[in-house]
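# An overview of the molecular structure
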Amino acid sequence: MPRRRLLVVAAVLLAAASTAGGLVASAASGAPRSPAAAVRPRKAPTASTLVWRAHELGPASLSAVACAGATRCFAFGLGGAFLTSDDGGRSWTASRLALAARLTVLATTCPTATECVAVADRATSDSSHATPQGVALVSHDAGGSWQVATVRGPAVSFLGGLSCPGPATCAATSADPGATRPSGFLLESTDGGASWTFRRQGPTGGLRGALACQSPLRCVAAGGSAGIVTTSDGGRRWTSGRLPIGGGGLPGVVALACLSDAACVAGGVAPHPGYPVLLSSRDGGADWRIASMSVTGSRQLLGDLGGGSYTAVSCSGSRCAAVGDTIPEVGLVAESTDGGRTWTERALGPGGSFAALACRPAIACLAAGTTANGAATLAVLGTKGWSEPYVGLGTDWSALSCPTSLECVAAGAEGPVPVGAAAMVTLDGGAHWSPARLPAGLLGITALACPTTTRCVALADVAASRQLQQDGNASVTAVLASTDGGVGWGRVPLAGGPALLDALSCPTTSVCVAVGATPQRPGGSRVDVALRTTDGGARWRTVAVPSFPPAPAPGTSGSEILGGGLTSVSCFSARSCLAGGPAGVLSTTDGVHWRVVEQTPGPTSGGVVSGGILFGELQLLACADRDRCLGAFSTPSGEDLRRSIDGGRTWHTVASGPLDLTAISCPSPGVCFAAGSGHHGALVLESMDGGRTFEAAPLPALSSAPLPAIAATSYTALGCAGATACMALGAGAVGEVAVATSGRPRAQEPR
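## With respect to the sheet that holds strand E10 (residues 150-152)
One open sheet holds the five strands; their spatial order is E10-E14-E13-E12-E11, and the pairing between them is mixed. Each edge of the open sheet is held by one strand with a lone partner, namely E10 and strand E11 (159-163). Each strand of the sheet is rotated relative to its neighbour by a mean of 30 degrees, with strand direction disregarded. Bridge analysis of E10 against strand E14 (residues 195-201) gives three bridges, and the strand direction is parallel. Residue pairing in the sheet places Val151 in a bridge with Trp196 of E14.

## Topic: the nonpolar core
Counting 22 residues, the largest nonpolar core has Val409, Ile445, Leu448, Leu480 and Trp489 as the members making the most contacts within it. Mapped by element, the contributors of at least two residues to this core are strand E33 (408-414), strand E34 (420-426), strand E36 (442-449), strand E37 (456-463) and strand E38 (475-482). Considering each element in turn, this core owes the most residues, four residues, to E37.

## What to know about the sheet that holds strand E15 (residues 207-213)
Ordered by their spatial adjacency, four strands build an open sheet running E15-E16-E17-E18, and the pairing between neighbours is antiparallel. Two strands close off the open sheet at either side, each with one partner strand: E15 and strand E18 (239-240). Alignment of strand E16 (residues 219-223) against strand E17 (residues 227-231), held across five bridges, turns out to be antiparallel. By the bridge assignment, Gly223 is partnered in E17 with Gly227.

## Focus: the packing of aromatic side chains
Summed over all chains, the structure comprises seven aromatic pairs. A centroid spacing of 5.4 Å and a plane angle of 70 degrees characterise the contact between Phe74 and Trp146, whose relative ring orientation is edge-to-face. Linking Phe74 in strand E3 (residues 72-77) with Trp146 in the loop between strand E8 (132-139) and strand E9 (147-148), this pair joins segments that are 72 residues apart in sequence. Classification of Phe74 as buried rests on a relative accessible area of 0%. Relative accessible area serves as the criterion here: at 9%, Trp146 is assigned to the buried category.

What counts as what
- Residues numbered from 1 in each chain as written.
- Predicted model: local features only at pLDDT ≥ 70, side-chain atom pairs only at ≥ 80, totals over all residues.
- Heavy atoms only, no water.
- Pairing = 2+ DSSP bridges.
- Helix = DSSP H or I, 4+ residues; strand = E, 2+ residues; numbered from the N terminus.
- Axes fitted to C-alpha atoms, helices over the stretch in contact; angles between N-to-C directions.
- Core = buried A, V, L, I, M, F, W, Y, C linked by side-chain atoms within 4.5 Å.
- Buried < 20%, exposed > 50% of the residue type's maximum accessible area, 1.4 Å probe, protein only.
- Phe/Tyr/Trp six-rings, centres within 6.5 Å; stacked < 30°, edge-to-face > 60°.

Below you can see the structure in the form of structure tokens.
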């Protein structure tokens, strides 16, 4: 069973899993070094003249959001990701702030239409034991540009809470969450956040971060051991608020907002079992009660709920909103129209997690966080409810096809749970992407081919019937087709029984071939199958393929090793194709009749078995013509890249090492590429001599953020429009990364 299908099957069977995993084994995080040392070419490589450039597809998550005036809004994300909106949050533009690249912005607000402030946490080194350093930021142009503010006094170890009760007066809380003794300070700015000074020592029990100030003197804060504390004299004296005691003790407060001197709301978690809770106070924070909550839609509670919290609250007038999530992750939103006394809560969907919220009279409310697929999102609260005007593109991309150097279609599976399909289209070589329209019910897209700029075909996983699931099949394959360049997709009916298809090749506009196997049946095994279309994907027919020699009889040596299955196909004309899988290689010269070309060594015929796993199996296949092919073969340390010049009969290793390859392509007889990850991170291997030798391509950091942490950790899809125009798509430490190539390789056509 190929790795891509294993991801979907695991997610279907283990719906509570925390993540569906990457398509390849992730390399160590941090600054990727040149992966050339991980690749051992058999001969000296031929120098490449290809030029690679990088594009950031979108932030992975957002941590703070604010609005300045009636229409200007912005949001901070990890790694310097930054979104701006000039229409009150209805549409957004993604960019990157070099200043904030090593910061995690925890809170931001704008006391006036032009002056904005933010507090952030910055690690002083790459060590996990490093002491975080608090940083204050200020903007004088409504978030357009930012500078580090001056903080006078002792070194600030952590800045968490922020509140600006007036146009020039702001307060912030400083606390060290890792301190052995409770700590906390109150900082003050009287110049709109440009400079800060220590005002007072915090309460005896310390501070936790959340802060809401009704005036420069009156503030409510989340106390360390006291739950909620208040001050009416600028922090000289602190008084503990009285919180309701539940079955597990006092609720933990992580978010605060005040409508007036008397009315305040708080969000957090009630311990044991740890469900999200909202509190309200009518006397400025002295006494608190659990707010009345009515639930709409579905939400798992108590025994089914593993935990969760309301992470942000905000109010404008008498209207308040709160966002948070549960464990397992279900995004929550609660709304109040009576100043926080009563709330209506509903789930925003599985996988969502929200960290920030801003409510203003002119724009209602904006929430920032992550969606089910790990991407950034902003939700707008209006008369029609919550919507998502911006969704990032954080997805496990498994397929990429580029009919031209500028037009590409990418597809994959969202995660972590539940799994869903995703696809996107670019018309400018990867600089900008837009989501595609997919049919409902897809678990993920595993293969994609666009032979022209308008026609595309894809293979997608869908849930199997109940009977097939009882037989051990979590999913089967649906065939999709698009006639508008991958923007809109529809399902194509398949004649015959269900199949598990893993690979697709479209050598012409009308001819496509897909290979895989039949579902598992009780008492039987899967049978290899091939499907062929000659009308661009509208109608498909099953083509018989020969069986590889049978596996050893049950109970004999090697019988526990799973083999068979066609996992790759490469067609170099409408009639000629090679297909491969763990058992070997098949070929056809008329598109209909197939024969066995090469059999992979089995457990009793020279195959290497380690830990119950048979190595030396063919994982990926790409052919430039009927003779010259590349294949990725499994080894105990990953994959070897091997070359055949006799149509798959014999293979010779051309690159080895700790490689984890996910895609290979030979757009011409003289040029081949392989993408995946190596010992030091993501890599693309390129050959300018027809696959005889390979070298690691010199991949750049993102032009908008040259920090190594933004570079991809693996490339999971590869698409080539020709020998000089290829694109690799993969996951980075922050967001997704697309890399495109351009240039003119040295023309060579060796044998």
